[in-house]
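One letter stands for each residue in the lines below.
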Amino acid sequence: QVKLPLPPISEQLQILSLVNEQTTKIDAMITKVSAAIDKLIEYRTALISAAVTGKIDVRNEVRA
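Quantities reported herein were computed from a predicted structural model and do not represent experimental measurements.

How each quantity is defined
Residues numbered from 1 in each chain as written. Predicted model: local features only at pLDDT ≥ 70, side-chain atom pairs only at ≥ 80, totals over all residues. Heavy atoms only, no water. Patch = residues over 30% accessible without salt bridge, like charges linked within 9 Å, V, L, I, M, F, W, Y side chains within 5 Å. Areas by Shrake-Rupley, 256 points an atom, 1.4 Å probe, with all protein chains shown as cover. Salt bridge = Lys/Arg side-chain N within 4 Å of Asp/Glu carboxyl O. Helix = DSSP H or I, 4+ residues; strand = E, 2+ residues; numbered from the N terminus. Buried < 20%, exposed > 50% of the residue type's maximum accessible area, 1.4 Å probe, protein only. Expected span 1.5 Å × (residues − 1).

Student: How do you make sense of a nonpolar patch on the surface when you look at a structure like this?
Tutor: A surface patch of nonpolar side chains, about 310 Å² in accessible area, is lined by I9, L13 and L16. By secondary structure assignment, the location of L16 is in helix α1 (residues 9-53). Taking relative accessible area as the criterion, L16 reaches 46% and is therefore assigned partly exposed.

Student: Honestly, α1 in this entry has me stumped. Any pointers?
Tutor: Along an α-helix, a turn takes 3.6 residues, which lines up residues three or four apart on a common side. Taking 1.5 Å of rise per residue, 45 residues should cover 66 Å, and α1 covers 65 Å from first to last C-alpha, within 8% of that figure. Immediately beyond the C-terminal end of α1, within one or two residues, lies G54, with a positive phi of roughly 85°.

Student: Teacher, can you tell me more about the pattern of salt bridges here?
Tutor: Two side chains with opposite charge may pair up if their charged atoms get near one another. Tallying each qualifying case throughout the model produces two salt bridges. Measuring nitrogen to oxygen at the nearest pair gives 3.7 Å for the salt bridge that ties K25 to E21. A residue pair is termed a helical-turn pair when its members lie 3 or 4 positions apart in one helix, as K25 and E21 do in helix α1 at four residues. Given a relative accessible area of 44%, K25 falls into the partly exposed group. A relative accessible area of 41% places E21 in the partly exposed class. Ionic pairing is found between D57 and R59, a salt bridge with its closest N-O pair at 2.9 Å. For R59, a relative accessible area of 70% translates into the label exposed.

Scope: geometric values only; no functional claims are made or implied.
As structure tokens, then:
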């Protein structure tokens, strides 16, 4: 038999509220980052297409 500390219900509810609040913020950040990734993929595709079709000249570009 193992004894575990158990905070009072009021403290448990405060913890739950904080966890829910932080989870909501994290979910919002994940949504924004996913949208940014999608946009970057779209820009990358457009850039490659422009380079392949000759709409932009990339011959003298230097890689860093």
